[in-house]
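Residue-level structural notes
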Amino acid sequence: MTKEQYIEGIERMRKQKNAIILAHYYTLPEVQEIADFVGDSLALARKAASTDASIILFAGVHFMAETAKILNPDKKVLVPDMSAGCCLADGCRAADLARFKEEHPDYLVLSYVNCTAAVKALSDLIVTSGNALRLVNTLPADAKILFTPDQNLGDYINRQTGRQMLLWDGMCRIHDHYTIEDLELLKESYPGVKIVAHPECRREFLEHADFVGSTAAMIKFISESEDQAFIVATESGILHELKKRNPNKTFYTLYNGDLAHDCGSMKKNNLENIYQALLNEEPELLIEPELMKKALAPIQKMLDLS
Ligand code: 13P
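Model, not experiment: these values are computed from the prediction.

**Some words on the sheet that holds strand E6 (residues 125-127)**
Within a sheet, each strand pairs with its neighbour through backbone hydrogen bonds, oriented either parallel or antiparallel. The strand order across the open sheet built from four strands is E6-E5-E7-E8, with neighbouring strands paired in parallel fashion. Of all strands in the sheet, those bounded by a partner on one side alone are E6 and strand E8 (166-167). Bridge count for strand E5 (residues 107-112) against strand E7 (residues 144-148) is five bridges, and the pairing is parallel. Each bridged residue has a counterpart across the sheet, and for Leu 108 the counterpart in E7 is Ile 145.

Written out as structure tokens, the structure reads:
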């Protein structure tokens with residue numbers, strides 16, 4: 001089938017089946033273009049919580065689709081490729097977190113949304129990179145907190161808020177990979193450019209950034225800025241929306257053109273598997289009902305506080 005035929009088929013089926021396509025900014029440009037809604041993790045969770053579609057097709061990674069399912073237990077949630085995982089989510093196993101809780105019953109567990117449903121079920125509150133700084137301050141000032149699973153984001157929250165959360169030993173392979181050496185090379189070649197970074201980057205990298213925020217916050221900052229050139233330290237998919245909104249601005253990425261630094265899982269979503277998923281109404285994401293109930297509480301708390 002041609003690209004146009006896939007697009008025509010997706011358009012037709014989503015109307016027939018009352019389906020909504022949600023996509024993260026890290027997906028391929030053609031996936032973002034076909035989506036009903038493109039956003040960062042927080043906006044996608046909000047959209048999933050408010051949709052009246054019968055079917056949610058989630059073009060992102062597994063934990064994002066899980067969040068959509070937990071918020072919509074009676075809806076069909078389709079995932080174009082079930083193997084689209086996340087190294088952050090894989091880095092915190094529920095069994096290990098359960099053991100920590102047993103050994104440290106006095107700790108609250110604050111979890112980044114990039115975790116499995118089972119880890120969410122063991123958490124007191126979920127945050128995204130878009131609301132973490134604000135929501136951590138809803139917890140008592142003297143609370144002992146374990147932050148899972150991203151040590152870089154947790155460290156950033158600690159530094160910004162003065163908290164001393166204990167940090168799980170996890171990280172995002174893409175963001176953790178950016179080094180000062182690469183940044184210095186770019187800065188030498190393009191003096192004066194602004195540096196915009198995602199808080200999943202390492203501390204020493206974030207210390208060089210002019211702005212730190214979620215993907216949606218980075219897009220807003222750049223779009224509203226008077227500056228014309230930016231080094232963008234996050235996954236390459238964000239460039240699609242950035243270029244659409246800012247056709248005259250210039251963007252430099254670390255590892256320019258090196259596909260090894262794309263998120264392979266996000267890029268697993270494509271027109272063909274979205275078409276097939278809508279056609280066959282599978283692969284469908286299913287989660288055990290009791291687990292969904294437990295995981296819903298800290299997600300709902302986040303949405304209520306957001
Ligand atoms: P945001 O969507 O909150 O920016 O986070 C992106 C992400 O999941 C990085 O791994």
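**Let's talk about the site of the ligand**
Around the ligand, the structure places His 24, Tyr 26, Asp 40, Ser 41, Met 64, Tyr 112, Asn 114, Ser 129, His 198, Glu 200, Ser 214 and Thr 215. For the ligand, an oxygen atom lies 2.7 Å from a polar atom in the side chain of His 24. Contacts to the ligand include Glu 200, whose side-chain N or O atom sits 2.9 Å from an oxygen atom.

**Some points on the environment of Asp 36**
Structurally, the position occupied by Asp 36 is in the loop between helix H2 (29-34) and strand E2 (37-39). Each C-alpha atom, one on Asp 36 and one on Ala 23, is 8.0 Å from the other, the two residues being 13 residues apart in sequence. When sequence neighbours within four positions are dropped, the list of residues in contact with Asp 36 reads Arg 14, Ala 19, Ile 20 and Ile 21. Separated by 3.1 Å, the side chains of Asp 36 and Arg 14 make a polar contact. A distance of 2.6 Å separates a polar atom in the side chain of Asp 36 from the backbone nitrogen of Ile 21.

Rules and cut-offs
- Residues numbered from 1 in each chain as written.
- Predicted model: local features only at pLDDT ≥ 70, side-chain atom pairs only at ≥ 80, totals over all residues.
- Heavy atoms only, no water.
- Pairing = 2+ DSSP bridges.
- Helix = DSSP H or I, 4+ residues; strand = E, 2+ residues; numbered from the N terminus.
- Near = heavy atom within 4 Å.
- Polar contact = N/O pair within 3.5 Å; in protein donor to acceptor, adjacent residues only side chain to side chain.
- Contact = heavy atoms within 4.5 Å.

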